[in-house]
Amino acid sequence: MNNIWQRLKSLPWPELLIVSFITTLTVVATEVLLILSLTYLFVLLKPLNMLFSSPVFGVLIPIGVVVGMGALAVYLLEWWQKQWLLNNSSLWALVLCLFIGLLLKSFFPLPAILVSASKASLISLAIGVFWKGRPYWRR
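Residues numbered from 1 in each chain as written. Predicted model: local features only at pLDDT ≥ 70, side-chain atom pairs only at ≥ 80, totals over all residues. Heavy atoms only, no water.

A. The overall build of the protein chain, seen in detail. Across its full length, the protein chain holds six helices and zero strands. Considered along the principal axes of its C-alpha atoms, the protein chain spans approximately 55 × 30 × 25 Å. For the protein chain, buried positions account for 35% of its 139 residues. Expressed as a percentage of contacts within the protein chain between residues at least 6 apart in sequence, the contacts between residues at least 24 apart total 78%. Only carbon and sulfur atoms are counted for the fraction: they give 73% of the accessible area of the protein chain, which is about 8800 Å². (Helix = DSSP H or I, 4+ residues; strand = E, 2+ residues; numbered from the N terminus. Buried < 20%, exposed > 50% of the residue type's maximum accessible area, 1.4 Å probe, protein only. Contact = heavy atoms within 4.5 Å. Areas by Shrake-Rupley, 256 points an atom, 1.4 Å probe, with all protein chains shown as cover.)

B. Molecular detail of the environment of V129. Relative to the helices and strands, V129 is located in helix α6 (residues 119–132). A relative accessible area of 0% means that V129 is categorised as buried. Considering only alpha carbons, one finds V129 and V74, 55 residues apart in sequence, at a separation of 6.2 Å.

C. Layout of the packing of helix α2 (residues 13–40) against helix α5 (residues 88–105). Where α2 meets α5, the axes come as close as 9 Å, and the angle between the chain directions of the two elements is 45 degrees. As the angle between them shows, α2 and α5 are arranged oblique. For the element pair α2 and α5, the recorded crossing hand is right-handed. Contacts from W13, L16, L17, V19, S20, T23, T24, V28 and E31 in α2 reach S90, A93, L94, L96, C97, L98, G101 and K105 in α5. Of the residues belonging to the contact of α2 with α5, the class tally is 10 nonpolar, five polar and two charged. (Axes fitted to C-alpha atoms, helices over the stretch in contact; angles between N-to-C directions. Parallel < 35°, antiparallel > 145°, perpendicular 65-115°, else oblique. Left-handed = near helix turned anticlockwise from the far one by under 90°. Nonpolar A, V, L, I, M, F, W, Y, C, P; charged D, E, K, R; others polar.)

D. Quick look at the pattern of salt bridges. Under the defined criterion, the tally for this structure stands at two salt bridges. With a closest N to O distance of 3.2 Å, E31 and K105 form a salt bridge. Taken together, the residues E31 in helix α2 and K105 in helix α5 connect sequence positions 74 residues apart. The two residues E31 and K105 agree in class, both being buried. (Salt bridge = Lys/Arg side-chain N within 4 Å of Asp/Glu carboxyl O.)

E. Quick look at the nonpolar core. Judged by nonpolar contacts, the single largest core of 30 residues is most densely connected at L16, L77, L91, L94, L98, L125 and V129. Here V129 is in contact with G70, A71, V74, L91, L94, V95 and L98, once residues within four sequence places are set aside. (Core = buried A, V, L, I, M, F, W, Y, C linked by side-chain atoms within 4.5 Å.)

F. A look at the packing of aromatic side chains. On inspection of all chains with the given rule, the structure shows one aromatic pair. Taking the centre distance of 4.7 Å and the plane angle of 55 degrees together, the rings of W92 and F130 count as tilted. One end of the pair, W92, is in helix α5; the other, F130, is in helix α6, and 38 residues separate them in sequence. (Phe/Tyr/Trp six-rings, centres within 6.5 Å; stacked < 30°, edge-to-face > 60°.)

In short, shape yes, function no, at least from these values alone.
So this is what it looks like as structure tokens:
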């Protein structure tokens, strides 16, 4: 039992929280830009409305955005040359930090057009993180 707590304490929490914060802010900024474009650019209103109300794309777009969110977080860790901290445990901790970011995002009065905190988004985050972090599984 003590070994589990030692491993949890030895994870790079500050770096993971910073990366998840930046990734969540990127998704929030994308959602705000999408809302503003729907509000002011009437040319985009009909095609985007058809796209989001489609039974297939209405489900695939939010899942794809969350998978991309997880992959973006791993990419940011690689970009900052923090590859020494990427391993199986830190990837799971990154999924946890990203989901906490989504939960905190749900407290703000923004409509959830692309991303919301749900079971499907948690699974999609794990898929995105481990898909991009495949080289770091065995470390």
